[in-house]
Amino acid sequence: MTALDQTAVAVAAPAKSSNRAWRKLKANKSALVGLAIIAFFTFLAIAAPLLPIVDPLATSWTAIRKAPSAAHWMGTDDIGRDILSRMIWGAQASLMAGIFSVAIAIVIGVPFGLISGYFGGWVDQVISRITEAFLALPFLIMAIALAAFLGPSLTNAMIAIGLSAMPVFVRLTRGQVLAVKTEDYVEGARSIGLGHFDIMTRYILPNIMAPIIVQATLTVATAIIAEASLSFLGLGQQPPAPSWGSMLNVAKNFLDQAPWMAMWPGAAIFLVVIGFNLLGDGLRDALDPRES
C-alpha cells in the first residue's frame, strides 16, 4: 500500500466505524436508559419557556412550604414559590453548566494535548509539568477557588469548572497522540509533504476522538455536580434565579418541616448524573475497537 493509500484509509476509518459504534450503542440498554434520561431533562430545559407552568420567581405568602398537592405537584418553598417550575427552569442552569464547562475544557485542553504529544521535546515538558501542577489540586477545591476569585455567577462558575477539568483533557489527548503519531498513515502523510497542522487536524485528531468523546460525556456529570456544589455555596447561579444547587442550599434549613424542598432537586441531580454516566459507559463500549 502506498503512502497516499494509507492516508486515505486513515481519513475513511472514523466514518466507517461510526455506523458500527451506533449499532453497538443501540444494543446497550443501560446506555439507552441514560440517553433517555438526558433527553428528558434536556427537553424540559429547552421547553421551559413554552410549558404551561407558573413563574418560577412568583412568591405567595399564603402558600409557604406547602406539601405536594394538585395545585403544586412538587410543593412550594420557603417563600411560596412553585418547586416544579423552579425545577424545570433549574435544569437549564445545570445542563448549561455541564455542557459549556466541558466545552471550555475541550477547547483549551485538546489543542494543548495535541501540541504536547505531537512535538514532544521541551514543548511537551513545559505543558506536561504545568498540567501535572493543575492535576495535583483536587478538582472541586480548584473550581471553588477559581469561582471565588472570578466572583459569584453562573458564567464564572462555568469558566471555573471548565478550567479545572481542562488538565484531564490535556493528559488524555497527549497520551492518545503519542500512541497514534507513529502509525503508518501519519508517516504516510508526512511523506507526501503535509504540514504539521494538517497532520494533527486531518489524521491524528479524528482518530483519537473516541476516548475524548467518552471522557467528555463522563465529565459533564462531574461538572453538573460541581455546579450544584458551587451554587450550594453561593458561588454559582445567584438567587432568585432557580438552580438545583441553590435550591438545596435553602432546603437544608427546612429538612424537618418541608423535606420535599430537598428531595426533588437532589433526585434531579442524581438522575442526570446517572444518565450521563450510563451514556458514557455505553459510549466507551461502543467506541472501543477491541469490542466486537
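Presented here is an overview of the structure given in this document. The model shown is predicted, which means the values in this text are computed figures rather than measured ones. (Residues numbered from 1 in each chain as written. Predicted model: local features only at pLDDT ≥ 70, side-chain atom pairs only at ≥ 80, totals over all residues. Heavy atoms only, no water.)

Time to look at the packing of helix α2 (residues 29–47) against helix α11 (residues 260–287). For the pair α2 and α11, interaxial distance at closest approach is 7 Å and the crossing angle is 135°. Classed by the angle they form, the pair α2 and α11 counts as oblique. Where α2 crosses over α11, the handedness of that crossing is left-handed. Residues S30, A31, V33, G34, L35, I37, I38 and F41 of α2 form the contact with α11, whose own contacting residues are A268, L271, V272, G275, F276, L278, L279 and G282. Among the residues forming the contact of α2 with α11, the class breakdown is twelve nonpolar, four polar and no charged. (Axes fitted to C-alpha atoms, helices over the stretch in contact; angles between N-to-C directions. Helix = DSSP H or I, 4+ residues; strand = E, 2+ residues; numbered from the N terminus. Parallel < 35°, antiparallel > 145°, perpendicular 65-115°, else oblique. Left-handed = near helix turned anticlockwise from the far one by under 90°. Contact = heavy atoms within 4.5 Å. Nonpolar A, V, L, I, M, F, W, Y, C, P; charged D, E, K, R; others polar.)

Counting across every chain of the model gives seven salt bridges. Two residues, R86 and D77, come together in a salt bridge whose shortest N-O distance is 4.0 Å. Neither residue differs from the other here; R86 and D77 are each classed as buried. Two residues, R190 and E187, come together in a salt bridge whose shortest N-O distance is 2.9 Å. (Salt bridge = Lys/Arg side-chain N within 4 Å of Asp/Glu carboxyl O. Buried < 20%, exposed > 50% of the residue type's maximum accessible area, 1.4 Å probe, protein only.)

All told, the structure shown has three aromatic pairs when counted by the stated rule. Look at Y118 and F119: their rings are 5.0 Å apart centre to centre, the planes differ by 90°, and that puts the pair in the edge-to-face class. For Y118, a relative accessible area of 6% puts it in the buried group. Residue class for F119 comes out partly exposed when judged on its relative accessible area of 41%. By the ring-pair criterion, three or more aromatic residues cluster together here, those being F40, F41 and W244. (Phe/Tyr/Trp six-rings, centres within 6.5 Å; stacked < 30°, edge-to-face > 60°.)

Our next topic: unusual backbone geometry. Omega for the peptide link from P239 to P240 comes to 5°, which places this bond in the cis form. Along the chain, P240 turns up in the loop between α9 (209–232) and α10 (244–251). The phi angle at R65 is positive, at roughly 50°, despite the residue not being glycine. One can find R65 in the loop between α2 and α3 (83–119).

Let us look at the packing of helix α5 (residues 139–150) against α9. Between two packed helices, what matters for the description is the angle formed by their axes and the separation of those axes. In the contact formed by α5 and α9, the axes pass within 11 Å of each other and the chain directions differ by 50°. Looking at the two axes, α5 sits oblique to α9. Considering how the two elements wind past one another, α5 and α9 form a crossing that is right-handed. Between α5 and α9, the contacting residues are F139, L140, A143, I144 and A147 on the first element and T222, A226, S229 and L230 on the second. Per-class residue counts for the contact of α5 with α9 are seven nonpolar, two polar and no charged.

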